[in-house]
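Chain residues, written in single-letter form:
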Amino acid sequence: MKKLLLFALLISAVAFGREKEKPLYLDPTADIEERIEDALSRMTLDEKIAIIHAQSTFSLPGVKRLGIPELWTSDGPHGVRPEVPWNDWGNPGWNNDSCVAFPALTCLAATWNRDVAQKYGNALGEEALFRKKDVILGPGVNMYRSPLGGRNFEYMGEDPFLAGKMAVPYIHGLQDNGVAACVKHYALNNEERHRHKTDVEVSERALREIYLPAFEMAVKEGGAWSIMASYNLFRGTHCCHNGYLINDILKGEWGFDGLVMSDWAGTHDTREAVLGGLDVEFGTKVGKKMPAGESVYDIYYLARPYKEGILSGEFSEEGLDNRVRRVLRIIFRTSMNRNKPFGSMCNQEHLDVAREVAQEGIVLLKNESDVLPVKKARKISVVGENAYKKMCIGGGSSMLKPIYEMSPLEGITERAAKENIEVVYSRGYVGDTTTTQDGISSFQNLVDNRSKEELIAEAVANSRDADYVIYVGGLNKSLHQDCENRDRLEYGLPYGQDELISALAEVNPNLTVVIISGNAVAMPWIEEVPSVVLGWYGGSEGGRAIADVLFGDVNPSGKLPFSFPVKLEDNPAHYNGKTFPTRGKNYYDEGIFLGYRWHDKMGIKPLFAFGHGLSYTDFKYGEVKLSSAKIREGKNLTVKIPVTNAGSVAGSEVVQVYVHDCEASVEMPAKQLKGFEKVYLQPGETKVVTVTLGPDAFRFFDEQSMDWKTEPGDFEILVGSASDDIRQTAVVKLQ
Ligand code: BGC
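Just so it is clear, the structure is predicted and the values come from calculations on it, not from any experiment.

Peer 1: Could you clarify how one ought to interpret the pairing of strand E28 (residues 713–722) in this entry?
Peer 2: For a regular strand, side-chain orientation follows a simple rule: the groups alternate between the two sheet faces. Summarising burial for E28: 8 of the 10 residues are buried, a large majority. In this structure, strand E23 (residues 651–661) lies alongside E28, joined through 6 bridges in antiparallel fashion. Each bridged residue has a counterpart across the sheet, and for Asp661 the counterpart in E28 is Phe715. Relative to strand E29 (residues 725–734), E28 runs antiparallel, the two sharing 9 bridges. In the sheet register, Val719 faces E29, and the bridge partner there is Gln728. Hairpin connection, E28 to E29: the antiparallel pair is bridged by 2 residues.

Peer 1: Just to check I follow, could you spell out unusual backbone geometry for this structure?
Peer 2: Across residues other than glycine, the phi torsion is negative in most instances, and most of the peptide bonds are trans. Omega for the peptide link from Gly76 to Pro77 comes to -15°, which places this bond in the cis form. Within the secondary structure, Pro77 sits in the loop between strand E2 (71–74) and helix H4 (105–111). The residue after Tyr186, namely Ala187, is reached through a cis peptide bond having omega 5°. Turning to its location among the elements, Ala187 is positioned in the loop between strand E4 (180–186) and strand E5 (199–201). In this structure, Ala265 is a non-glycine residue whose phi angle is positive, near 75°.

Peer 1: Even after reading the chapter, I still don't get the environment of Gln704, so can you show me in this structure?
Peer 2: By secondary structure assignment, the location of Gln704 is in the loop between strand E26 (700–702) and strand E27 (707–709). In sequence terms Gln704 and Ile36 are 668 residues apart; their C-alpha atoms lie 41 Å from each other.

Peer 1: I keep staring at the pattern of salt bridges and nothing clicks. Help me out?
Peer 2: In a structure, side chains of opposite charge can pair up when their charged atoms sit close to one another. One pass over the full model with this rule turns up 60 salt bridges. For the salt bridge of Glu317 with Lys48, the shortest nitrogen-to-oxygen distance reads 3.1 Å. Highlighted residues: Glu317 in helix H12 (residues 317–333) and Lys48 in helix H3 (residues 45–51), separated in sequence by 269 residues. Judged by its relative accessible area of 6%, Lys48 falls in the buried class. Of the charged contacts, one joins Asp75 and Lys184 as a salt bridge, the two residues approaching to 3.4 Å between their closest N and O atoms. Linking Asp75 in the loop between E2 and H4 with Lys184 in strand E4, this pair joins segments that are 109 residues apart in sequence. On the basis of relative accessible area, Asp75 is assigned to the buried category, the value being 3%. With a relative accessible area of 2%, Lys184 lands in the buried category. In this structure, a network of salt bridges that share partners links the residues Arg151, Glu154, Glu192, Arg195 and Glu484.

Rules used throughout
Residues numbered from 1 in each chain as written. Predicted model: local features only at pLDDT ≥ 70, side-chain atom pairs only at ≥ 80, totals over all residues. Heavy atoms only, no water. Buried < 20%, exposed > 50% of the residue type's maximum accessible area, 1.4 Å probe, protein only. Helix = DSSP H or I, 4+ residues; strand = E, 2+ residues; numbered from the N terminus. Pairing = 2+ DSSP bridges. Salt bridge = Lys/Arg side-chain N within 4 Å of Asp/Glu carboxyl O.

Fair warning: the whole summary comes from geometry, so function is off the table for now.
In structure tokens, the structure reads:
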């Protein structure tokens with residue numbers, strides 16, 4: 001008995017001792033900064049070096065000996081990317097890596113709805129968790145500078161305020177799940193063809209007012225846990241090594257405590273990367289065979305060469321420790337976070353979110369004679385490759401393997417069947433027949449050897465006696481369309497679509513053109529076509545959402561997140577015959593005058609303005625009221641405006657508030673977006689919409705003092721339904 005008691009005492013002492021010995025870094029209740037210091041103090045030099053560069057295409061190794069888990073990243077930003085092999089980009093043949101494809105970020109931006117952005121981030125976060133991913137490589141918030149930009153479809157338009165305000169809830173939704181956002185591509189990543197070579201020269205003011213604010217909001221308001229440095233150079237230095245952008249602005253001025261990772265193969269030099277503030281290196285192309293027992297990752301810039309630099313005294317170990325701290329911080333927030341849920345995948349809730357985003361983002365650009373919505377009909381002629389072509393596979397790193405992707409043709413056919421409407425499809429043109437990327441296929445056969453004349457003749461014949469013609473064309477995700485690594489070569493629609501559209505317009509007045517794209521396109525046929533819809537890349541439920549809008553089940557409420565110039569030269573990147581893309585120095589001569597700011601300044605009338613988007617109802621604006629006619633610097637201004645749905649169907653309006661500084665000592669844009677609110681109204685209903693403008697709405701970046709400056713004087717508050725449709729104006733005096 002005595003022996004038994006002694007034994008029990010011994011066991012509990014050992015257990016107690018073990019309890020006491022449990023390292024602090026493993027204690028989820030302890031302060032995260034203390035856990036970081038504890039883990040760091042236990043790591044060897046080799047373990048520290050290992051944790052700051054990739055161990056595979058998408059992961060960091062963690063510390064096996066200490067039980068610190070790996071960190072798994074994944075593209076991003078529209079869904080969880082299919083798996084890739086350990087060291088490359090092929091198809092490893094997994095069967096459990098399909099996902100819900102959410103609409104492209106341009107479509108999300110076009111919703112102008114923060115709640116929808118939060119739902120998007122949350123659903124994506126749940127999918128990421130189920131797939132055991134800790135970091136989603138998104139959202140992308142680079143500014144849309146030229147309609148030729150190959151990656152504009154992954155970004156959120158031309159206005160820093162809109163892009164930033166839509167990125168913030170996306171990040172919250174994602175990170176509430178314990179999945180880190182990785183905001184990309186920091187910064188000035190505005191073209192693709194020479195993305196490793198183009199060297200942006202932009203004024204400090206434009207940098208601060210146009211190109212950085214969305215990143216700043218993502219960091220400060222969104223609390224993003226990581227950021228990806230871009231490929232391009234800025235003022236002569238690659239952004240992955242750019243001390244001014246990373247050390248001074250991001251980590252210094254904005255107080256960013258997260259991780260800065262390189263874009264894949266964006267690191268080029270150990271010393272520059274170390275001094276520039278890059279924390280983690282991914283995707284470097286080593287391009288040589290390694291001796292047995294060694295891996296390509298061992299000779300990454302932040303691997304062996306960095307270690308040798310530390311041992312030789314070239315670099316401090318403190319610098320390495322600071323990088324490791326940031327990696328540990330994100331690990332504790334994500335892969336080692338015991339409170340995070342398990343996630344879920346491909347469920348109806350996520351599909352519903354995808355459909356809602358697509359429904360709200362679709363923009364009705366033109367609707368003369370109320371062609372839309374589709375009313376009683378017997379036959380609908382659907383024409384165009386994009387009605388049929390699946391778009392999730394392609395476009396580069398944002399490609400997805402969706403659980404399914406409803407094409408516009410499938411969506412329209414499903415909806416039309418409810419009213420026994422016959423749907424006849426004609427291809428109309430043959431664009432790009434590619435259906436695979438990285439070995440993943442959409443299993444469509446797009447080969448069609450008929451001549452252009454035969455294809456047009458068939459489409460025209462099918463459309464002549466139809467009640468409605470719905471043409472679905474635009475761009476696609478092939479190289480030189482909306483695709484990473486190449487920019488578009490022309491502003492016009494490819495594959496002879498203009499001719500086809502005109503031929504359809506000639507035989508049927510009830511024509512709607514649906515453009516699938518992430519970019520503006522030229523519309524030389526605009527006078528011939530009564531109705532135009534911008535459908536974006538809608539993801540899994542895109543086809544259904546298009547049908548919802550065309551048939552009026554959903555009243556369109558999307559607004560353009562970028563301007564549609566009439567012709568390419570109307571865009572500042574191409575003004576005066578400027579070429580694009582550029583290999584070397586790339587001067588952004590337009591400064592702060594991007595998009596609608598440029599059109600306003602130059603008196604250029606766009607085809608469709610920033611913020612434009614029609615509805616099946618009409619909204620009337622009442623008198624705008626400001627909280628005060630005078631405000632002091634640093635104070636908020638509240639703008640109230642009654643909005644009435646004056647039509648006969650329910651719908652949503654985006655109330656946009658622009659500010660114009662009337663008395664600045666520097667040149668100011670005619671208007672800049674500084675607030676917006678989306679409001680849903682029943683027919684006849686009125687709501688007072690409140691928009692609060694913070695002190696930021698009244699400042700500019702002063703290049704003399706290199707600081708933000710607010711000058712006293714009058715500011716015009718312009719409230720409207722689009723940047724070219726201002727309904728109410730008021731003036732506030734800043735004291
Ligand atoms: C892209 C990034 C992407 C990364 C990983 C790069 O080519 O620029 O946006 O996250 O690849 O796929």
